[in-house]
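# Breakdown of the fold
Given next are the chains, with one letter for each unit.
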Amino acid sequence: MKSLTITRPDDWHLHLRDDAFMASVVGDTAKRFARAMVMPNLKPPVITAALALAYRERILARLPSGLRFEPLMSLYLTDNTSAEQIAKAVQTGLIKAVKYYPAGATTHSDAGVTDLSRCHRALEAMQNLGLPLLVHGEVTDANVDIFDRERMFIDGQLKSLISNFPELKIVFEHITTREAVQFVSDASPRIAATITAHHLLLNRNALFSGGLRPHNYCLPILKKEPHRLALIHAATHGNVKFFLGTDSAPHTRDTKQSDCGCAGCYTAYAGIELYAEAFDAVNALDKLEGFASHFGPDFYGLPRNEDTITLESKAWTVPLELPFGEDQLTPFLAGSSLRWRLKD
Ligand code: DOR
Ligand code: ZN
């Protein structure tokens, strides 16, 4: 196949950061995606509807001219999020989800939830008002092996969350294990999952190939090959429960290449192309459109996009660095050759 035209995709899980940092990355997403679910883990986090609306205005103000893009806002769940705050969020019409970070699970999650039982009222309001919960599904117990944290979350938290709030829509974000694939596949239609391109393309060997590879470090951490294969199977078989969420998470090069490097891969520079690489590798490009452009909006009850994008098969090399605010970042797969690229 030489070119592929699909309905314009959406990114259902994206970190844009803020201010000057955001200005250097938002165009990458807006060139490819019509909409993105913007994560609220700023510092300080986006914990109220008013903060989310103000963040949305800053995003739109930083959009390069000529690009159309709709940021879908999310609220950061805390132990203190009230039912009133949830109602306010829904009333705006611009806040489409609430994000649950277990406190300490990942970047800027220290203000996250210490115990889900504290969030009963907020979750009840979300269930009643139809506002989905986006879950960072990892347990935070330091005694649990880092490669087991997602698997343990399913039995430890997700099952009881679902039985306590059976009507709540839940997206299990950036899943990385075959256990998560199985769980979501078997669950009710109200439970879906996003899958990143980096978890489709790499297994955990990529963290240590020839040396320590900080630019492949993300959370949840890359897993063994059988898990990657389970994700590939989930994404490429037309299952409506699995859809695209890049989790593109830019950090400056220095904060990743450090004594205590940050988690996150910057993939938005090729946010759809990287998925095309993964689908192409298993001859499943015909399944890309459903995964990237249909199943997400269908789950959220939003219209599918009406315009299209075209990808062409033409090899190119990923740059070694990209500007990021006053600084630089190292993009995911820097220096590698990719086969697919976006046609202008
Ligand atoms: O790798 C990650 N980076 N995982 C997350 O959950 C957060 C993200 C970030 O914000 O950098
Ligand atoms: Zn994320």
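For the structure, see preceding data.
Attention in this report is confined to the structure presented alongside it. Numbering of residues begins from 1 in every chain and follows the order in which that chain's sequence is written. Chain A is the first chain written and ligand 1 is the first ligand written, with later ones labelled in order. Side-chain atom pairs in this predicted model are given and counted only at pLDDT of 80 or more, local residue features only at pLDDT of at least 70, and totals for whole chains, interfaces and linings cover all residues. Note: side-chain values were computed over all heavy atoms of the structure, leaving out hydrogens and water.

## Comments concerning the site of ligand 1
- Nearness of a residue to a molecule or strand requires only that one of the residue's heavy atoms be within 4 Å of it. In the vicinity of ligand 1, 13 residues are found, and the nearest of them are Arg 17, Asn 41, Thr 106, Leu 219 and His 251.
- Pairs of N or O atoms are called polar contacts if they sit within 3.5 Å, as long as, within protein, a hydrogen donor faces a hydrogen acceptor (for residues adjacent in sequence, only side-chain-to-side-chain pairs). One of the side-chain nitrogen or oxygen atoms of Asn 41 is found 2.9 Å away from an oxygen atom of ligand 1.
- Computed with a 1.4 Å probe, the accessible areas rest on the Shrake-Rupley method; for each residue, only the protein chains presented here act as cover. Coverage of ligand 1 by the protein amounts to 99% of the 290 Å² it exposes when considered alone.
- The method works on a 1 Å grid over the protein atoms by themselves. A cavity is a set of points holding a 1.4 Å probe that cannot get out, a pocket is an open set with protein on both sides within 12 Å along at least five of seven lines, and residues with an atom within 4 Å of a point line them. If over half the atoms of a molecule are within 2 Å of the grid points of a cavity or pocket, the molecule is regarded as sitting in it. Among the cavities detected, the one that contains ligand 1 is the largest cavity.
- Of the residues belonging to the shell around ligand 1, the class tally is 4 nonpolar, 7 polar and 2 charged. In the scheme used here, Gly and all other residues not listed as nonpolar or charged are polar, with Ala, Val, Leu, Ile, Met, Phe, Trp, Tyr, Cys and Pro taken as nonpolar and Asp, Glu, Lys and Arg as charged.

## Considerations on empty space enclosed by the protein
- Grid points are joined across faces, edges and corners, and a volume is the space filled by probe spheres set on the points. Applying the stated criterion across every chain yields a total of 3 cavities of 30 Å³ or more.
- Considered as a void within the structure, the largest cavity measures approximately 130 Å³ in volume.
- Surrounding the largest cavity, 19 residues form its lining, His 15, Thr 106, Leu 219, Asp 247 and Ala 249 being those nearest its centre.
- Residue composition of the lining of the largest cavity, grouped by class: 6 nonpolar, 10 polar and 3 charged.
- The computed volume of the second largest cavity comes to approximately 40 Å³.
- Lining the second largest cavity are Thr 176, His 199, Leu 202, Asn 203, Leu 222, Lys 223, His 227, Arg 228 and Leu 231.

## Observations concerning helix H10 (residues 273-281)
- For every residue, the accessible area obtained with a 1.4 Å probe (protein chains only) is divided by the maximum for its type, and the residue is called buried under 20%, exposed over 50%, and partly exposed between those limits. Only DSSP runs of H or I covering at least 4 residues are called helices, and only runs of E covering at least 2 are called strands; the numbering of each starts at the N terminus. Among the 9 residues of H10, 8 are classified as buried, and the element is accordingly described as predominantly covered.
- Phi turns positive, to about 55°, at Asn 283, one or two residues after H10.

## Quick notes on the sheet that holds strand S13 (residues 337-342)
- Spatially, 3 strands are ordered S1-S10-S13 in an open sheet, and the strand pairing comes out antiparallel. Each edge of the sheet is formed by a strand with only one pairing partner; in this case those strands are strand S1 (3-7) and S13. Across the sheet, the mean angle from the axis of one strand to that of its neighbour is 30°, orientation sign disregarded. Whether two strands pair depends on DSSP finding at least two bridges between them. Simply put, an axis is a line fit to the C-alpha atoms, just over the touching stretch for a helix, and the angle between two N-to-C directions goes from 0 to 180 degrees.

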